[in-house]
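Observations on the three-dimensional arrangement
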Amino acid sequence: MDNSRQQLKKTVKKHIPKDWLCELRIAYRILMEAVNDILRTGWTINIVIITTMVAILTIFGILFRFTLSLSTFAGELGNVLEISVYLKQNASPSTISDRIRAVKHVKSIKLIPKADSWNNLKKDLGLQNMDNPLPDTLRVRVDKPENTMAVYNAIKPIAGVEDMGYAKELAKKIQILTHVVNTTMIFVVIISAALTITIINNTIQLVIQSRKDEIEIMRLMGVSNWYIKTPLVMQGAFYGFVSSIIAVLPLNCIQGLLLNMHKFFLIPMPMYAQNIVIITLLLIGTAFGACGSLWSIKKHLQV
């Protein structure tokens, strides 16, 4: 019975001519309701809400921006990290290079002939009239620091490889740094979401209580649920959007500080980092504000 009624409703709705002017009036009315709700909340409460959200989003934005730079630093350190593969005396460097190149996560291979290594060593130590005891060496670079151990274990059993070595402690520190940075960002996002949604939830709850009689009258008149919900969602999104715009301002100072840091260490800035942070702040602030409103509507408004 319910299915046939819904089907009939859809069929009738399809044949009703759309009045775009009427829909524009409804959209305008919804927008004005959202503006009135913001004004009803009061300037003092609005400023407190926006200020609190600005503080939360600013902390998130600064940490996110630092995370992008730290990831770049970790990536550059990982690029410097190499595995030294020492070959046996009769081994063919080209053959072993081909086999190593087939290993997953290998980024590049550089051959250091034993003659070059010996000449450099003799210059440094002032050695004369000695046979060359050094082997041919392959310098293997890995795409990511966390894959270094896997590549090391894959190369070790290859025939013709006599010995290997790499900076294990540096690789471990890079992995720890990357893990800490990623974990911190996830933690900050969760805390920011929880605080923002809680603040918006409490605010919308006050609006719902102040408009309780008006909402009840609209429901009795047959006003649709989305007409009642949308202004409240827009109010939460407004708080988030405005707070995000204000939170972007301190990032200019952080950008200058990080730019000097990158120049000092001769490490290039991550591409579009500032734009990524700004867009992320706007999206997250608006989304968290809207989600806080939706949660409050489901919790305190039975529509």
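Residues numbered from 1 in each chain as written. Predicted model: local features only at pLDDT ≥ 70, side-chain atom pairs only at ≥ 80, totals over all residues. Heavy atoms only, no water.

Before going further, it helps to spend a moment on the side chain of Arg-65. Looking at the secondary structure, you find Arg-65 in helix 3 (residues 43–80). When near neighbours in sequence (up to four residues on either side) are disregarded, Arg-65 contacts Ile-254, Gln-255, Leu-258, Met-269, Pro-270, Ala-273, Gln-274 and Val-277. (Helix = DSSP H or I, 4+ residues; strand = E, 2+ residues; numbered from the N terminus. Contact = heavy atoms within 4.5 Å.)

It is worth spelling out a nonpolar patch on the surface at this point. On the surface, a cluster of nonpolar side chains totalling about 590 Å² of accessible area is made up of Leu-31, Val-35, Leu-39, Trp-43, Ile-47 and Met-234. No other element matches helix 2 (residues 20–41), which puts three residues into the nonpolar patch. (Patch = residues over 30% accessible without salt bridge, like charges linked within 9 Å, V, L, I, M, F, W, Y side chains within 5 Å. Areas by Shrake-Rupley, 256 points an atom, 1.4 Å probe, with all protein chains shown as cover. Salt bridge = Lys/Arg side-chain N within 4 Å of Asp/Glu carboxyl O.)

On to the sheet that holds strand 1 (residues 82–87), then. Backbone hydrogen bonds are what pair the strands of a sheet, in a parallel or an antiparallel way. Here we have four strands laid out as an open sheet, ordered 2-3-1-4, and antiparallel in their pairing. Of all strands in the sheet, those bounded by a partner on one side alone are strand 2 (106–112) and strand 4 (161–165). Neighbour-to-neighbour, the strand axes of the sheet open up by a mean angle of 25°, direction not taken into account. (Pairing = 2+ DSSP bridges. Axes fitted to C-alpha atoms, helices over the stretch in contact; angles between N-to-C directions.)

Turning our eyes to something else, we now look at the packing of aromatic side chains. Taken as a whole, this structure holds two aromatic pairs when the rule is applied. Ring geometry for Phe-60 and Phe-64: centres 5.8 Å apart, planes at 20°, overall stacked. In this pair, Phe-60 and Phe-64 are both assigned in helix 3, four residues apart and thus about one turn of the helix distant. One exposure class covers both Phe-60 and Phe-64, and it is buried. Taking 6.0 Å as the distance between ring centres and 55° as the angle between the ring planes, the aromatic pair formed by Phe-238 and Tyr-239 counts as tilted. Assessed through its relative accessible area of 0%, Tyr-239 is described here as buried. (Phe/Tyr/Trp six-rings, centres within 6.5 Å; stacked < 30°, edge-to-face > 60°. Buried < 20%, exposed > 50% of the residue type's maximum accessible area, 1.4 Å probe, protein only.)

This paragraph deals with the nonpolar core. Ranked by size, the top nonpolar core spans 19 residues in total, and within it Ile-83, Val-85, Ile-96, Ile-100, Val-140, Val-151 and Ile-155 carry the most contacts. For this core, the secondary structure elements donating two or more residues are strand 1, helix 4 (93–101), strand 2, strand 3 (137–142), helix 6 (148–155) and strand 4. The contacts of Ile-100, once residues within four sequence positions are left out, are Val-85, Val-106, Ile-109, Leu-138, Val-140, Ile-155 and Ile-158. (Core = buried A, V, L, I, M, F, W, Y, C linked by side-chain atoms within 4.5 Å.)

On to the pattern of salt bridges. Under the criterion given, the structure shown has two salt bridges. With its nearest N and O atoms 3.1 Å apart, the salt bridge here joins Arg-29 to Glu-33. Taken as a pair, Arg-29 and Glu-33 lie in helix 2 at a separation of four residues, close to a single helical turn. Note on Arg-29: relative accessible area 43%, which makes it partly exposed. Its relative accessible area of 4% is what places Glu-33 among the buried residues.

Residues of helix 4 that are buried include every one of Pro-93, Ile-96, Ser-97 and Ile-100, and no others. Summarising the axial view, the buried residues of helix 4 lie within an arc of 105°, below the 170-degree limit, and thus occupy one face. Buried residues along helix 4 sit against strand 1, strand 2, strand 3, helix 6 and strand 4. (Arc of directions from axis to C-beta.)

Next up on the list: the side chain of Thr-67. Counting through the fold element by element, Thr-67 comes out in helix 3. On the basis of relative accessible area, Thr-67 is assigned to the buried category, the value being 11%. When near neighbours in sequence (up to four residues on either side) are disregarded, Thr-67 contacts Val-181 and Met-185.

Keep in mind these values describe shape, not function.
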